[in-house]
Amino acid sequence: MSYQVLARKYRPATFQELEGQEHVLQALVNALEQNRLHHAYLFAGTRGVGKTTIARILAKCLNCETGVTAIPCGECASCVEIAEGRSVDLIEVDAASRTGVDDMRELLENVQYMPTVSRFKVYLIDEVHMLSRNSFNAMLKTLEEPPEHVKFLFATTDPKKLPITVLSRCLQFNLKNMSPEHVVNCLTSVLEKEGITFEESALWQLGRAADGSMRDALSLTDQAISYGENAVTEASVKSMLGTLDQQDVYGLLDAVIAKDANRVLTQVLSMAEFAPDFAALLDEFLAVLHRVQITQLARDAIDNSHGDKELLLAVASSISREDVQLLYQIGINGQRDLPYAPDDRSGFEMTLLRMIAFTPLEIVETSPPYEEGGDGSGGISESPISQILSQLSDNQSKSTERKARSVAKVAEAKPLAKPEVKSKHEQRTDEETKAKIETKKESDTSSSEGARVDSTREVQEAEQAPKATEVLDINGMAWNEILPRLKLAGVTQTLAANCTLAENTAQCLKLLLNEQHASLWNKTHEDRIARALGTLTGYDVQVEIEIGLVEDETPAQLAERQRGQRQAHAEDLMKKDAVIQTLIENFNGKLDQDSITPIQSGDRS
Ligand SMILES: [Zn+2]
């Protein structure tokens, strides 16, 4: 038997197996048991929460040969046919592909006829909001006076798009998003049944990446299993999803609490080398603050499911409750403003710097921003400006772009100087700025004014230069070359990595998605890829994803193959190694093949 994807294998077959939507199920079960049947049901909720699954179970309940029941037998011809998707009296329509009024007329022409074998003729219309207005009108008459033998089951991700005339004739159920906790519980039970080893922290990563969709969670788990070679570990999931290390987030939080702007900037600089998704990073930062506050106010409610309890406790005791609220609020505002920032990185940086700059006054007085150590005699230590400048001259081998960016940050960091010590501080800074710039540029500027002009110009150049070089002509490029430059993350990255390029004209990119991964597809990913391409190329690129049989190698397959080659190469090297050969000969040793892993890491699918 061929491998069945988890999402299909573990699709619930009865209401009892379906978890997380108890409020809806209770109402349905009651209605079925008391035989109070409505003729049209609407299930609303985001993708992957179980809308069509519930509708299909309801169809079984209505048509089970044992009678209308809340517990369909699952064995009669009707139940089996519905489960296998071949019941003649369950008419499933995907409104996304059949929106026309003619389609609807054709469909409704047969409404008047009795069901072929079952009790009811059940129409299951998925994504019903996609129907055209005329189609809705064609359907309305049937909805107003439905024949006794007809039931309508509608599913939609966007109930607001339904005409009020249709809405008012349906019994509406709103399905809840799956919480990460719930997803983790489900994944735990699935993996235990499959006999696959896993780390709980890995499941939390998958749960968060699935963004409320159980189907996505199971699809990602499928991939994690093959990626991690039949084990779901945090390291492999992290590498697969391209998520950031939580340690980095704690490092940043620590620097913010210590009001150490310099450390914040340095860490962001080093993180920027891995081209992280700064918006996601800010999300993660806020999620940690949320957990810190819970630790402070309701310690019992915190668990170690993220594997960071120690860190949480440490942070919780080093910052006041009010300050956590303040940082959180600043972070939320920063998140809102991120689209307006020149780029995500500077927006992220400014948000963290704002957290430092806006600390309440009495706290500033007890611990001035740039004073290190507790002794009062210590005076002012090196400011971030001079530190970054000295760092700049130290790293002369680094690329010019990096230099330019660091200088650009000087301009951002400047307003941080503490008001009370402003004059003294600025004086010192100006002198240092002057000194550094003079030595670096070997200019003979003598006045402080001159140095300022120089640094301003450099900042302006720095802001313009990278943008000009970042625009790229992708015409004729292979998908393997384009994809890493798009800096996608999460499900979008996974989906894109499983595509090949079908067509690449200047304005339109057609991708072919491997049908094994068809469940990952939805319109938002097309939009995200198009946006990333727009940023990369500097013009609007249209993206269309088709699902089909992929024959060429996808980036995911390429990465997989390269991993295999590196592994083979590593094993080969070990076998040929003179020291190892001596050990084997002299001590009757054996080479443990499984323990060999290539050192090169960081590859992503
Ligand atoms: Zn049955």
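Parameters and conventions
Residues numbered from 1 in each chain as written. Predicted model: local features only at pLDDT ≥ 70, side-chain atom pairs only at ≥ 80, totals over all residues. Heavy atoms only, no water. Helix = DSSP H or I, 4+ residues; strand = E, 2+ residues; numbered from the N terminus. Buried < 20%, exposed > 50% of the residue type's maximum accessible area, 1.4 Å probe, protein only. Donors = N, O, S within 2.8 Å, 3.2 Å for Na, K, Ca; no water. Tetrahedral: all angles 85-135°; square planar, octahedral: opposite > 155°, others 65-115°. Pairing = 2+ DSSP bridges. Axes fitted to C-alpha atoms, helices over the stretch in contact; angles between N-to-C directions. Expected span 1.5 Å × (residues − 1). Contact = heavy atoms within 4.5 Å. Salt bridge = Lys/Arg side-chain N within 4 Å of Asp/Glu carboxyl O.

Enquirer: What should I look at first to understand the overall build of the protein chain in this one?
Expert: When its secondary structure is counted, the protein chain shows 27 helices and 10 strands. When each of the 605 residues of the protein chain is scored for burial, the buried share is 45%.

Enquirer: How do you make sense of the coordination of the zinc ion when you look at a structure like this?
Expert: Metal coordination angles have textbook ideals: 109.5 degrees for a tetrahedral set of four donors and 90 or 180 degrees for an octahedral set of six. Within the protein, the atoms that donate to the zinc ion are Cys 64 (SG), Cys 73 (SG), Cys 76 (SG) and Cys 79 (SG), at distances of 2.2 to 2.3 Å. Every donor counted, the four donor atoms about the zinc ion form angles of 102 to 122 degrees at the centre, which fits tetrahedral coordination. Cys 73 gets classed as partly exposed once you look at its relative accessible area, which sits at 31%. Under the relative-accessibility criterion, Cys 79 is labelled buried at 2%.

Enquirer: Explanation requested: the sheet that holds strand β3 (residues 121–126) in the structure shown.
Expert: What holds strands together in a sheet is hydrogen bonding between their backbones, with the strands either parallel or antiparallel. Pairing is parallel across the open sheet formed by five strands, whose spatial order is β2-β3-β4-β1-β5. Where the open sheet ends on each side, the last strands, each with one partner, are β2 (90–94) and β5 (171–174). For this sheet, the mean angle separating the axes of adjacent strands, direction not counted, is 15 degrees. Bridge count between strand β1 (residues 40–44) and strand β4 (residues 150–156): five bridges; the pairing is parallel. Opposite Leu 42, over in β4, you have Phe 154 as the bridge partner.

Enquirer: Can you help me understand helix α2 (residues 22–33) in this one?
Expert: A rise of 1.5 Å per residue sets the reference length of α2, with its 12 residues, at 16 Å; its end C-alpha atoms lie 16 Å apart and thus fit the reference within 8%. Tucked into the core, α2 has its buried residues touching β1, α3 (51–63) and β5. Just downstream of α2, Asn 35 is the residue with a positive phi angle, here 55 degrees.

Enquirer: For this particular structure, what's the right way to read the pattern of salt bridges?
Expert: Close approach of charged atoms lets side chains of opposite charge pair. Under the definition given, this model contains 15 salt bridges. Note that Lys 9 and Glu 194 form a salt bridge whose closest N and O atoms lie 2.7 Å from each other. Of this pair, Lys 9 sits in helix α1 (residues 6–9) while Glu 194 sits in helix α8 (residues 180–194), placing them 185 residues apart in sequence. The exposure class assigned to Glu 194 is partly exposed, which follows from its relative accessible area of 23%. Among the ionic pairs, Arg 47 bridges to Asp 216, the shortest N-O distance being 2.8 Å. Note that Arg 47 is positioned in the loop between β1 and α3 and Asp 216 in helix α10 (residues 214–227), a separation of 169 residues in sequence. Overall, Asp 216 belongs to the buried group, its relative accessible area being 5%. A single network of salt bridges, built from pairs that share partners, joins Asp 254, Asp 260 and Arg 263.

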